[in-house]
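Coordinates in review
Next come the chains, spelled out residue by residue.
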Amino acid sequence: EKGTYAHYMLKEIDEQPLVIRNILQKYQDEANEIKLPNDIRTSFHAADRVYIIAAGTSYHAGLVGKELMEKVVGKPVEVHIASEFLYNQPLLSPNPLFIFISQSGETADCRGVLVNVKEAGHPSLTITNVPGSTLSREADHTLHTYAGPEIAVASTKAYTAQMAVLAILAMDGAHAAGSDTDFDALHELSIAANAMETLCDAKDDMEQIARDYLFETRNAFFIGRSFDYHVVQEGALKLKEISYIQAEGFAGGELKHGTIALIEEGTPVIALSTQENVDLNIRGNLQEVVARGANPCVVSMDGCHRADDQVVIPLVHAYLTPLVAVVPLQLISYYAALHRGCDVDKPRNLAKSVTVE
Ligand code: F6R
């Protein structure tokens, strides 16, 4: 039930800190160590390469999952759009592990890949919000995202929950591999949950940004680099699916290779900067579009922020910034859709679970 909330989407955005804390409980034992089924640990450890298969928002979580696994565990990871992988399979490593990420666990494109993967005898793990779902039943292993039912068509809490579980899986994988990482997923996730809460409390600011930048625009661009690039792709997807504003998320450095031609006087460009090592670069990219008349909005992180940035997110571990940085983007999309009179929870042409190829 959505209770006092006008929409499920807003309720589900607000639930995110709680969901992360819930995940921390579920995946922790009494000694505060990560609790994961042994067979999952073994499968992950045995794999020489991980293939993440997903669609839409879950694909965007997969992009962050790759960063986590490669940086924390040192294991190579490929992320594939399910419908592409299905008909154009890349070369596989000798010992692949397939990870399916799906909120519903019913996405037909993923299922198609899983059927082939099983036929070929490769191990599979589904990360899903619905444990009894098709992808969960048919894969060798399941990790539950414990986000609770997600009713709004636009996925929010399932996305952050998926990334939290991927962070835990990565840290566990690092321990199993004996690699010494100083990334403490459990500790850092609880800091991230607090930061998400701070941002959920700043709704008025996000509503004002939606009003100032997105009320009348035809299109909007999001730019980011490194981890932020993955998050802006998700931010753009959120905005377009519920507000019908044409929105795209670009790698900051790629804009000038063509897309900059679309920048006109007043075009909103939302830049995300949470990664210190590319902060100067992304701000440079923003200057390039401002010089062409863009209306800039900066979402940065405490530590690499400037006085006139529109949103400053609290400091969290560089690997977990996606969980936190997506919150203002979700809220801005929500208010943009609301102001423009769109049906936030049930956007046109979309279904909650896509069970046809
Ligand atoms: C976006 C959205 C879709 C889904 C996609 C995959 O808000 O909801 O892009 O993420 O259809 O769905 P699942 O995760 O159920 O496989």
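Reading guide: rules and limits
Residues numbered from 1 in each chain as written. Predicted model: local features only at pLDDT ≥ 70, side-chain atom pairs only at ≥ 80, totals over all residues. Heavy atoms only, no water. UniProt positions renumbered as here; feature names shortened; annotations may be inferred. Pairing = 2+ DSSP bridges. Helix = DSSP H or I, 4+ residues; strand = E, 2+ residues; numbered from the N terminus. Axes fitted to C-alpha atoms, helices over the stretch in contact; angles between N-to-C directions. Parallel < 35°, antiparallel > 145°, perpendicular 65-115°, else oblique. Left-handed = near helix turned anticlockwise from the far one by under 90°. Contact = heavy atoms within 4.5 Å. Nonpolar A, V, L, I, M, F, W, Y, C, P; charged D, E, K, R; others polar. Expected span 1.5 Å × (residues − 1). Buried < 20%, exposed > 50% of the residue type's maximum accessible area, 1.4 Å probe, protein only. Arc of directions from axis to C-beta. 1 Å grid on protein atoms, 1.4 Å probe; cavity = no way out; pocket = protein on both sides within 12 Å on 5 of 7 lines; lining within 4 Å. Points joined across faces, edges and corners; volume = space filled by probe spheres on them. Near = heavy atom within 4 Å. Polar contact = N/O pair within 3.5 Å; in protein donor to acceptor, adjacent residues only side chain to side chain. Areas by Shrake-Rupley, 256 points an atom, 1.4 Å probe, with all protein chains shown as cover. Sits in = over half its atoms within 2 Å of the grid points. Phe/Tyr/Trp six-rings, centres within 6.5 Å; stacked < 30°, edge-to-face > 60°. Lys NZ or Arg CZ within 6 Å of the ring centre and 35° of its normal.

The protein is annotated in an unreviewed UniProt entry as Glutamine--fructose-6-phosphate aminotransferase [isomerizing] of Salicibibacter halophilus. According to its UniProt record, the protein has this under Function (unreviewed entry): "Catalyzes the first step in hexosamine metabolism, converting fructose-6P into glucosamine-6P using glutamine as a nitrogen source." Taken from UniProt, the Subcellular location (unreviewed entry) comment for the protein reads in full: "Cytoplasm".

Two pairing modes exist for strands in a sheet, parallel and antiparallel, and in both the strands are linked by backbone hydrogen bonds. As summarised here, the arrangement of the five strands in space is β2-β1-β3-β4-β5, forming an open sheet in which the pairing is parallel. Of all the strands in the sheet, the pair left with one neighbour each is β2 (77–81) and β5 (141–144). Between one strand axis and the next, the sheet turns by 20 degrees as a mean value, whatever way the strands run. Where strand β3 (residues 96–102) meets strand β4 (residues 124–128), five bridges bridge the pair, whose relative direction is parallel.

Axis angle and axis distance: for two packed helices, these are the angle between their axes and the distance between the axes, and together they describe the pair. The N-to-C vectors of helix α11 (residues 227–243) and helix α13 (residues 321–339) enclose an angle of 20 degrees; their axes lie 9 Å apart at closest approach. Considered as vectors, α11 and α13 are oriented roughly parallel to each other. Crossing angle aside, the handedness with which α11 passes α13 is right-handed. In this structure, α11 uses Phe227, Asp228, Val231, Glu234, Gly235, Lys238, Leu239, Ile242 and Ser243 to contact α13, whose residues at the interface are Thr321, Pro322, Ala325, Val326, Leu329, Gln330, Ser333, Tyr334, Ala336 and Ala337. Among the residues making up the contact of α11 with α13, the classes are represented as eleven nonpolar, five polar and three charged.

What follows covers helix α12 (residues 279–290). Compared with an ideal rise of 1.5 Å per residue, which puts twelve residues at 16 Å, α12 spans 16 Å between its outermost C-alpha atoms and is within 8% of the ideal. Buried within α12 are the following residues: Asp279, Ile282, Arg283, Asn285, Leu286 and Val289. On an axial view of α12, the arc spanned by its buried residues comes to 155 degrees, and they lie on one face. α12 presents Leu280 and Gln287 as exposed residues on the side facing more than 90 degrees away from its buried surface.

By volume, the largest pocket is sized at about 610 Å³. Mapped onto the lining of the largest pocket, the elements with two or more residues apiece are α4 (56–73), β3 and α11. Among the elements that take part in the lining of the largest pocket, α11 stands out by supplying four residues, more than any other. When grouped by side-chain class, the residues that make up the lining of the largest pocket number ten nonpolar, eleven polar and six charged. Of the pockets and cavities examined, the second largest pocket occupies roughly 170 Å³.

Here the focus is the site of the ligand. Around the ligand lies a shell of 13 residues, among which Ser58, Ser102, Ser104, Thr107 and Glu241 are the nearest. Within the side chain of Glu241, a nitrogen or oxygen atom sits 2.5 Å from an oxygen atom of the ligand. Here the ligand, which alone exposes 410 Å², has 89% of that area covered by the protein. Because more than half of its atoms lie within 2 Å of the grid, the ligand is assigned to the largest pocket. Counting only elements with at least two residues in the shell around the ligand, the list comes to α4 and α11.

Once that is clear, we can look at the packing of aromatic side chains. Applying the stated criterion to the full structure yields eight aromatic pairs. Between Phe221 and Phe250, the aromatic rings sit 6.3 Å apart at their centres with planes inclined by 40 degrees, giving tilted as the arrangement. Of this pair, Phe221 sits in strand β6 (residues 219–224) while Phe250 is found in strand β7 (residues 246–251), placing the two residues 29 residues apart along the sequence. The exposure class assigned to Phe221 is buried, which follows from its relative accessible area of 4%. Arranged with centres 5.0 Å apart and planes meeting at 80 degrees, the rings of Tyr334 and Tyr335 form a pair that is edge-to-face. A relative accessible area of 2% means that Tyr334 is categorised as buried. Under the relative-accessibility criterion, Tyr335 is labelled buried at 7%. Each residue in the set Tyr51, Phe85, Phe98 and Phe100 is aromatic and connected to the rest through ring pairs, giving one cluster. The aromatic ring of Phe44 is capped on one face by Lys75, whose charged end is 5.3 Å from the ring centroid. Across from the ring centre of Tyr244, 3.8 Å away, lies the NZ or CZ of Arg348, which sits over that ring.

The five strands are arranged β7-β6-β8-β9-β10 in an open sheet whose pairing can be described as parallel. Each edge of the sheet is formed by a strand with only one pairing partner; in this case those strands are β7 and β10 (311–313). For this sheet, the mean angle separating the axes of adjacent strands, direction not counted, is 20 degrees. Relative to β7, β6 is paired through six bridges, and the arrangement is parallel. When the sheet's bridge partners are listed, Phe222 is paired in β7 with Gly249.

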